Amino acid sequence: MTTLLEQAFTAATKLSQERQDELAQLILQEISRQQQQPTPKKPRMLRPISKGSGYTDTSINHDAVLAEFIYKNKFDNQPS
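Nothing here was measured: the structure is a model prediction, and the numbers come from that model.

**Brief notes about the overall build of the protein**
Here is step 1: Across its full length, the protein holds three helices and zero strands.
Here is step 2: About 8,400 Å² of surface is accessible on the protein, with carbon and sulfur atoms providing 57% of the total.

Okay, here's the thing in structure tokens:
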């Protein structure tokens, strides 16, 4: 048992029996909830793409780069 848990139990002994039971119920519910949670899946391995956008500042100016791309493609692909 960790020192912190021992301190918590020592503090709990000073509570009324009713409050101790409420606290014990909360602890047991939390333990049960954690045991029922599925284990996290392994992360997918991402592969970098072979060709980038050509922009060097995309992470800094993401919104502007995206807006320019949409604007350019919207008008470049319009029938004449």
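**What about the pattern of salt bridges?**
Here is step 1: Applying the stated criterion across every chain yields a total of two salt bridges.
Here is step 2: Its salt-bridge partner being Arg33, residue Glu30 comes within 2.5 Å of it at the nearest N-O pair. In this pair, Glu30 and Arg33 both sit in helix 2 (residues 17-36), three residues apart, roughly one turn of the helix.

**Quick word on a nonpolar patch on the surface**
Here is step 1: A surface patch of nonpolar side chains, amounting to about 840 Å² of accessible area, comprises Met1, Leu5, Phe9, Leu15, Leu23, Leu26, Ile27, Leu28 and Ile31.
Here is step 2: Mapped onto the nonpolar patch, the elements with two or more residues apiece are helix 1 (3-12) and helix 2.
Here is step 3: Among the elements that make up the nonpolar patch, the one with the highest residue count is helix 2 (five residues).
Here is step 4: With respect to the helices and strands, the residue Leu23 is situated in helix 2.

**Considering the confidence of the model for the protein**
Here is step 1: The predicted model of the protein has a mean per-residue pLDDT of 83, with 86% of residues at 70 or higher.
Here is step 2: By mean pLDDT, helix 3 (residues 62-76) is the weakest element of the protein at 80, and helix 1 is the strongest at 93.

Criteria and cut-off values
- Residues numbered from 1 in each chain as written.
- Predicted model: local features only at pLDDT ≥ 70, side-chain atom pairs only at ≥ 80, totals over all residues.
- Heavy atoms only, no water.
- Helix = DSSP H or I, 4+ residues; strand = E, 2+ residues; numbered from the N terminus.
- Areas by Shrake-Rupley, 256 points an atom, 1.4 Å probe, with all protein chains shown as cover.
- Salt bridge = Lys/Arg side-chain N within 4 Å of Asp/Glu carboxyl O.
- Patch = residues over 30% accessible without salt bridge, like charges linked within 9 Å, V, L, I, M, F, W, Y side chains within 5 Å.
- pLDDT = per-residue confidence, 0-100.

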